[in-house]
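Here are the chains, one letter per residue:
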Amino acid sequence: MFIILVYDVKEERVAKALKICRKYLTWVQNSVFEGEITEAKLRMLKDELKGVMDETYDSVIIYKFRTKQYYERETLGIEKPSHEDFIV
């Protein structure tokens, strides 16, 4: 499945949330990630995020698409490079 994940967490938890999300998805903008993911990996991602979140203050929104076929993204302004754009 293809997902878009958006989070809004308190400043002291941003670095932890960022690190967790980057393990599973591609970072596209501050607090926004996207990518193909299996159900099992999505469960792992959600469990890890729940472990660092304060559910009385923080929030995560996950948009799920069965396939990327009907997904279209348009960027206005500069587009941040994805990790695939870096040569190692």
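Details of the structure are given in the entry above.
Residues numbered from 1 in each chain as written. Predicted model: local features only at pLDDT ≥ 70, side-chain atom pairs only at ≥ 80, totals over all residues. Heavy atoms only, no water.

K.L.:
Would you take a moment to explain the pattern of salt bridges for this structure?
P.N.:
Think of it this way: side chains of opposite charge can pair up when their charged atoms draw near. Enumeration according to the criterion identifies three salt bridges in this entry. With a closest N to O distance of 2.8 Å, Glu-48 and Lys-23 form a salt bridge. With Glu-48 in helix α2 (residues 39-52) and Lys-23 in helix α1 (residues 11-24), the pair connects residues that are 25 residues apart, well separated along the chain. Looking at Lys-23, the relative accessible area reads 54%, which means it is exposed. (Salt bridge = Lys/Arg side-chain N within 4 Å of Asp/Glu carboxyl O. Helix = DSSP H or I, 4+ residues; strand = E, 2+ residues; numbered from the N terminus. Buried < 20%, exposed > 50% of the residue type's maximum accessible area, 1.4 Å probe, protein only.)

K.L.:
Would you take a moment to explain the pairing of strand β2 (residues 26-29) for this structure?
P.N.:
Each regular strand shows side chains that alternate between the opposite faces of the sheet. Inspection of the sheet shows β2 paired to strand β3 (residues 32-36) by three bridges, in the antiparallel sense. Its bridge partner being in β3, Trp-27 is matched across the sheet by Phe-33. A loop of two residues connects β2 with β3, the two strands running antiparallel in sequence, and Ser-31 in this loop sits at a positive phi of about 65°. (Pairing = 2+ DSSP bridges.)

K.L.:
Can you help me understand the nonpolar core in this one?
P.N.:
Judged by nonpolar contacts, the single largest core of 15 residues is most densely connected at Leu-5, Tyr-7, Cys-21, Leu-25, Ile-37, Leu-45 and Leu-49. Looking at this core, the elements that each hand over two or more residues are β1 (2-8), α1 and α2. Among the elements that line this core, the one with the most residues is α1, at four residues. Those residues in contact with Tyr-7 that sit more than four places away from it in its chain are Val-14, Ala-17, Leu-18, Cys-21, Ser-31, Phe-33, Ser-59 and Val-60. (Core = buried A, V, L, I, M, F, W, Y, C linked by side-chain atoms within 4.5 Å. Contact = heavy atoms within 4.5 Å.)

K.L.:
Looking at this structure, I do not really get α2. What am I missing?
P.N.:
Given 3.6 residues per helical turn, the α-helix brings residues three or four places apart onto the same face. The first and last C-alpha atoms of α2 sit 21 Å apart over 14 residues, in line with the 20 Å expected at 1.5 Å per residue. Along α2, the residues classified as buried are Leu-42, Leu-45 and Leu-49. Seen along its axis, α2 keeps its buried residues to an arc of 60°; they face one direction. Exposed residues lying more than 90 degrees from the buried face of α2 are Asp-47 and Gly-51. Buried residues along α2 sit against β1, α1 and β4 (59-65). (Expected span 1.5 Å × (residues − 1). Arc of directions from axis to C-beta.)

K.L.:
So what exactly am I meant to see when it comes to the packing of aromatic side chains here?
P.N.:
In this description, a pair of aromatic rings is defined by centroid distance and the angle of the planes. Using the criterion set out here, one finds two aromatic pairs in the structure. Here Phe-2 and Phe-65 contribute two aromatic rings whose centre-to-centre distance is 6.1 Å and whose plane-to-plane angle is 55°, an arrangement assigned as tilted. With a gap of 63 residues between them, Phe-2 in strand β1 and Phe-65 in strand β4 connect regions that are remote in the sequence. For Phe-2, a relative accessible area of 2% gives the class buried. Judged by relative accessible area, which is 27%, Phe-65 ranks as partly exposed. Taken together, a centroid distance of 5.9 Å and an interplanar angle of 20° make the contact between Tyr-7 and Phe-33 stacked. Of the two residues, Tyr-7 is situated in strand β1 and Phe-33 in strand β3; the sequence distance between them amounts to 26 residues. Take Tyr-7: its relative accessible area is 6%, and that puts it in the buried class. Across from the ring centre of Tyr-57, 5.2 Å away, lies the NZ or CZ of Lys-10, which sits over that ring. (Phe/Tyr/Trp six-rings, centres within 6.5 Å; stacked < 30°, edge-to-face > 60°. Lys NZ or Arg CZ within 6 Å of the ring centre and 35° of its normal.)

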